[in-house]
Amino acid sequence: MASILPLAAPAAAFPPNTSPAPQAEDQAGEGGESIATFASYKPSALPKLVVDILNGKGSLPQKQQESSEPEIIDLIDDQNGAAVRDLDLSTIAGQNSRSDDNVPELECPSHTSLACESALLASVRAPMVAASTAACLLDLAKTKALSPLQLESVLLAIQRHRRIFSGNIRAGFFIGDGAGVGKGRQIAAIIRNSLCRKNHTKRHVWLSVSRELAQDAKRDLKAVGVYCDVHDGTELLDKSNGLGIPNKGVLFCTYQLLVSKKRIEQIVSWCAGIDSTKKKSLHQQLEQNYNGCIMLDEAHKAKNLKEDTRTAKLVIELQRRLPNARVVYCSATGVSDVGHMVYAERLGLWRTSGHQKNFSLFESFPMFQKSLERRGLGSLEMLALEMKQQGSFMARTLSWDGAEFETLEIPLDTHQRQVYDEAAAWWTFLKESLELALDIPLMRLNPPNKMIWRTFWSAHQRFFRELTVCAKIPHLAQDAKRMAAKGCSIIFGLQTTGDSSMQSILEQYRKEEQFPGLLSSAKATMVNFVQNHFPVAPGNPEPPIVPVQPNSNASLEDQRRYILIQREAERISSLPAPLPIPELVARRAELLDRIQSIDLPPNPLDDLINRLGGIDQVSEMTGRPGRIVRRSSKYFVYSKRCTEDANDRINLVEKRKFMDGIKPFAIISDAASTGISLHAAQGSGASHKRRIHYTIELPWSADKAVQQLGRSHRSAQESAPVYKLVVTDLGGERRFAAAVSKRMASLGALTKGDRRAATGSDMLSDFDLDSRYGKQALKRFYNALSTVATSSCNDNIERVVMPSRNTEEILDDFYVRQVHVSDPAVMKLSPILTLRRSAILAIICDDLETIGLNSEAQKQSFDVKVFLNRIFGLPVARQSLAFSVFMSTLDDVVSEAKLSGDFEGSVEDIKASSIEIAEDRVLATDPSCGAETKFTTLLLDRGISLDGVCNIAKEEALTQFDIAASQVKKILKPEECTMEKIEVDDPRSKLTNRNIAQAGFYISRKKIAGRELVLFARARFPDSSFKNSAEAMSFDPLGLMVVTRPNTGTNPCEMPSRDLKVKYRLVFSCEEFRRLLHTTESDHETVGQETLSLPNAIGNANPQLTKQWNSAFAESNFFEHKNGLAPRLSRVGLITGAVLHILPTLEKIVILRTSKERSLRIMRAEVPLSPNSTRQLVGVRFPTDDDALQRLELEMALFLKAQAVSGGAFHDEALGQVCQSSTKWATTAPKTMQSFFKVVPKHPTGNVRKAGDNSRTQSHLALPQNSSTRTKRISTDVAKAASASSNKKHRSISSFFSMN
């Protein structure tokens, strides 16, 4: 795969009424390139004692000294009015230090597999952990049961749990590690620490998504040496009067269990030790005293409080009922949106009902959410940074180095296209039939189903999603069997199984036990809707609501009214069902007949299993109870996957068969994509087989995609997987998936991106179509189509507005393709170009109306998900047209936002030739962690000299030549690969119809601001990156060019080739530069001489270019626009450190400024301090003019004064001492029959047993040393008997019953 970055936004296509503010031609876009670098993870919070043990240089201490006094932290005023901390945590000395000298060097690997952290998060450190925190876990460090990476987050969580907020609410910790890092083992280690400490409740709750994961919880606990009981939540809570029995261990529950008030009461009572013997007056006190652990594994399941889900509310209630509990939030996708953090109350980011007044917290979650969302997506990065610095959050991920990413393109054949188009026509006919039926007067008077349209569109979406998957199965099965034959293990990722439709069709065939072929769940969706929801008769009038019966004291009028209403309700309820309308009955029969004429494919999951060899070859891990399987070559039968009581464990059995290599194929659905490990695990039976992971359904949600991809890439694996995104050419799916795939390849290692540093979902975050910009694009798309309707009514073709700059090319390409297939709707279009384009836009309008997106619906909603799902109901060519125009419009919207500086994307690097710190002063101190907030002014020089741009041009020229040479060498013999031959046979010429500009130096055709401008341009996506011109045109239709200017450096916003050619002329191409370089090499012997001579060589070849570049570079050395040039020099202000608690103050200061300044974007700079060291700065960009700085000083003084008055004490409680008896109970394996009567490894005679010697007479029972005399005598007799019989020849069963 080529190293390409995806979906770079082209320059905007500006409709007449949407042009942005004018901008200097040579002005670089604000900010810099998005961060695309990642750092190998190195733990920095581990104390020296732990690091020494991990390095094998330290030993376990004999005794741990623990302080018994709590450490109180009060906010007081210093002489300057600033809030300071009266804090003396001697056990955490130096925890806030950021000096590398204070970080012990770890010599062993940080994890069992290479782990990474986003470069942004790596720029800050978590607070150093006290050595005493690790007292209960040092043996795990010694035995490597926990990796340094895991141990660090465990110790940070233990340290964080010491923090008690005002209102006696204990702080929580968030583990945001990516899939496969080992979050379960970290949870288990935190529980172990609590089990081994004095005064810690020995009852803990572990919430997860599935009962199947209870086995993983037991495994993780055992791995860290914990042998306490793990109780099944359903079984324990269902015991009669079983609350508080047993009174120790871990209660494992699922989020689905939290469905009623009864369950939450039972869980709280078990945790607090409440039973029938406790007085009710003590219940609240017992709940407040509970200080055990509540582990919210896969915490993202509780994120939907906004949708008013019961689960989310009860998770919050559980935390509030037990305010002193040690809460850990654990999820790889838990902070994908600020609004989804509502359940994480214990992070202390906003004030809850239990908090007392605390100035440093937001007053409520809505205020916190509003404040961060106002700043856009960059708020998540700053939030992650501050949480890490506070010691409340860690997010690492496995490096995806070695993983491969491919796009498996499956074009629909003629038959599949025909079936798809016939199905689309059937759904259009069904919609028209519904409109006809509901327009009948009787139907309008008494509609049979008020939710008919919601049901219709739900079935519509479900049908076409499944049909899209069905189209991939034949080719997919062939490719999978080919990879399996090469010794690979195959994984298929699905989102749905179509089981609901399958169950309904099975009811129709319940009398039949055999089927001639596989059943079509897509056909079942169509039949079910027609039979169950298509109206053929009007409904009865709705009976009136009967009021509450009046009492005997009510007036006669009230009693009379009640009787009349009651009788009317009874009359209407007793009315017979209305007779069917014959016309609608006939229409229903016609609909059913048309279904039979469509050759719909079978259920995709059953079809895939059958093509792969049946259930003996495929491990199915889904939520469906049964499936259709082949019994012979002639028929199929329905077979249950398991009995009802074993339904929760069947997936574990199937997983084991796949991991052991018994079955080469595995299928996982969304229901099983959380928690299951299918990687090439070391020590497993199939560890030698590389995983090939096919993603059949690529969801619009990045979170779900990351969860599935994480199943096959985890710690301690023999090999990294190969990911294949399976796509068709339906609905733009191919373009969307191609962009994702190229993003993966360009990263080299798929790790947590800065934009979603807390989620691990950065892989797809750049392609979130349902975003702010997606909605803006859809609005512009709809508005442009509305001009088509208006123009057609007024016969004014000039009023038609194209949705995007590239729309005309898309329309022309559609016309050519449809003429080739003799599309009747296109063949009759006008030959006049403008009329034809308007007519094709009118076709899009008509198509959208057939799928329910008429002009009225377009005005009411700009829901991107609805649009994307609906267009799947269009014929293949039409949906591709609609999607392409929408995506082109989205490209323009994003490009406009970048050009205007309003793009709210990820954290950006500040790029410049030189960066210096001009000012660095402290603004405030965060009272919650002591972190300082600083205002830093940076001096930037963005210009690039001729010598510097020559190095860029040299690299570009050599890269192009190397690519051409490598392609030619595949065709020609080595001795034939001369430079001239490479130039003639350059494979890039095959893609010249793309019409992309040449790489090289350009000068403006006209003078701008009195002078000619010069620049260097190179392709953003070279032609060599694509397989053919079709792929190139689909991915980069505008031929984007990266522009470098002498005064502003490299511009982050690319320029389309068309604009570059219109405004500039090529004066010196990279091809000419390469020839010049070749000539220079022949004249000089050393590389150093060659590099120094390049600018002079260009000056000799093109004096005008050299003069223009040097002049622009020298004459732009100012802070303001001069000489017709944008300035080289600039000042950038960054507010770094702890920013979250002063964010409302900063927003207040810039409220009246430009939108660019109000955005308070997050930026990062790397400032050189010496030749061997740099300083990384990450902060919020803030204006540097005098007015802004004066307001900043004034508002910060008011803030600090208000902060000092409000107070808000919290304290860090002392660590509980290690309890030897509790430790022994928690870490000692329970006695079993085998372990109690264990075999002593020596003979009674003192000789060591030989390996494999299983003779019963050569062993004796190990009994306690303090046994009674009688017991000792019996033991002696047994030993003597064993010794006496040791020389006897033992007889086998066959010899004992031998006739001889």
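Residues numbered from 1 in each chain as written. Predicted model: local features only at pLDDT ≥ 70, side-chain atom pairs only at ≥ 80, totals over all residues. Heavy atoms only, no water.

Draft legend 1. Spotlight on the overall build of the protein chain. Each helix and strand in the protein chain was counted, giving 46 helices and 36 strands. A burial count over the protein chain gives 54% of its 1300 residues as buried. Taking contacts inside the protein chain between residues at least 6 apart in sequence as the whole, the part at least 24 apart equals 76%. (Helix = DSSP H or I, 4+ residues; strand = E, 2+ residues; numbered from the N terminus. Buried < 20%, exposed > 50% of the residue type's maximum accessible area, 1.4 Å probe, protein only. Contact = heavy atoms within 4.5 Å.)

Draft legend 2. Summary view of the pairing of strand β28 (residues 1014-1019). For β28, the tally of buried residues reaches 5 of 6 residues, placing the bulk of the element in the interior. Here strand β27 (residues 1000-1004) pairs with β28 via 4 bridges, running antiparallel. Its bridge partner lying in β28, Y1002 is registered against L1015. One ladder, built from 4 bridges, connects β28 with strand β29 (residues 1040-1045); its direction is antiparallel. Of the residues in β29, the one forming a bridge with F1016 is T1044. (Pairing = 2+ DSSP bridges.)

Draft legend 3. Region of interest: the sheet that holds strand β11 (residues 249-254). Spatial ordering of the open sheet is given by β10-β11-β9-β12-β13-β8-β14, a layout of 7 strands whose pairing is parallel. With one partner strand each, in any of the chains shown, β10 (230-232) and β14 (393-394) form the two edges of the open sheet. Judged from the 2 bridges that link them, strand β8 (residues 173-175) and β14 form a sheet pairing that is parallel. Following the sheet pairing, F174 is matched in β14 by F393.

Draft legend 4. Seen up close, the nonpolar core. Counting residues in each nonpolar core, the largest one holds 127 residues, and the members touching the most others are F368 and F1182. Residue contributions to this core peak at 7 residues, all from helix α4 (residues 148-160). Excluding residues that lie within four positions of it along the chain, F368 makes contacts with V338, L349, W350, F362, L383 and L1140. Among the nonpolar cores identified, the runner-up in size contains 74 residues, and F464, A522, F886 and M887 belong to it. (Core = buried A, V, L, I, M, F, W, Y, C linked by side-chain atoms within 4.5 Å.)

Draft legend 5. Seen up close, the sheet that holds strand β23 (residues 722-727). As summarised here, the arrangement of the 6 strands in space is β16-β23-β22-β17-β21-β18, forming an open sheet in which the pairing is parallel. Strand pairing shows two members of the sheet lacking a second neighbour, β16 (404-409) and β18 (618-621), which therefore form its edges. With direction set aside, neighbouring strand axes in the sheet form an average angle of 20 degrees. Of the strand pairs in this sheet, strand β22 (residues 691-695) and β23 are connected by 4 bridges, and their pairing is parallel. Pairing of I692 across the sheet is with V722, part of β23. (Axes fitted to C-alpha atoms, helices over the stretch in contact; angles between N-to-C directions.)

Draft legend 6. Local environment of the side chain of E212. Structurally, E212 can be placed in the loop between β9 (203-208) and α6 (214-223). Within the local environment of E212, its side chain forms a polar contact with the side chain of N651, the two groups lying 3.2 Å apart. (Polar contact = N/O pair within 3.5 Å; in protein donor to acceptor, adjacent residues only side chain to side chain.)

Draft legend 7. Looking closely at the packing of aromatic side chains. By the definition in use, this model includes 27 aromatic pairs. Measuring from centroid to centroid gives 6.5 Å for F883 and F886, while their planes differ by 55 degrees, and the two rings are tilted. Of this pair, F883 and F886 both sit in helix α32 (residues 876-900), 3 residues apart, which is roughly one turn of that helix. On the accessibility criterion, F883 (2% relative accessible area) is buried. Ring geometry for F935 versus F1182: centroids 6.4 Å apart, planes at 90 degrees, classification edge-to-face. A residue pair is termed long-range when its members are at least 10 positions apart, and F935 in strand β26 (residues 932-941) and F1182 in strand β35 (residues 1173-1182) qualify at 247 residues. The class of F935 is buried, set by a relative accessible area of 0%. An aromatic cluster is present here, built from Y420, W426, W427, W453, F456, W457, F463, F464 and F529 joined pairwise through their rings. (Phe/Tyr/Trp six-rings, centres within 6.5 Å; stacked < 30°, edge-to-face > 60°.)

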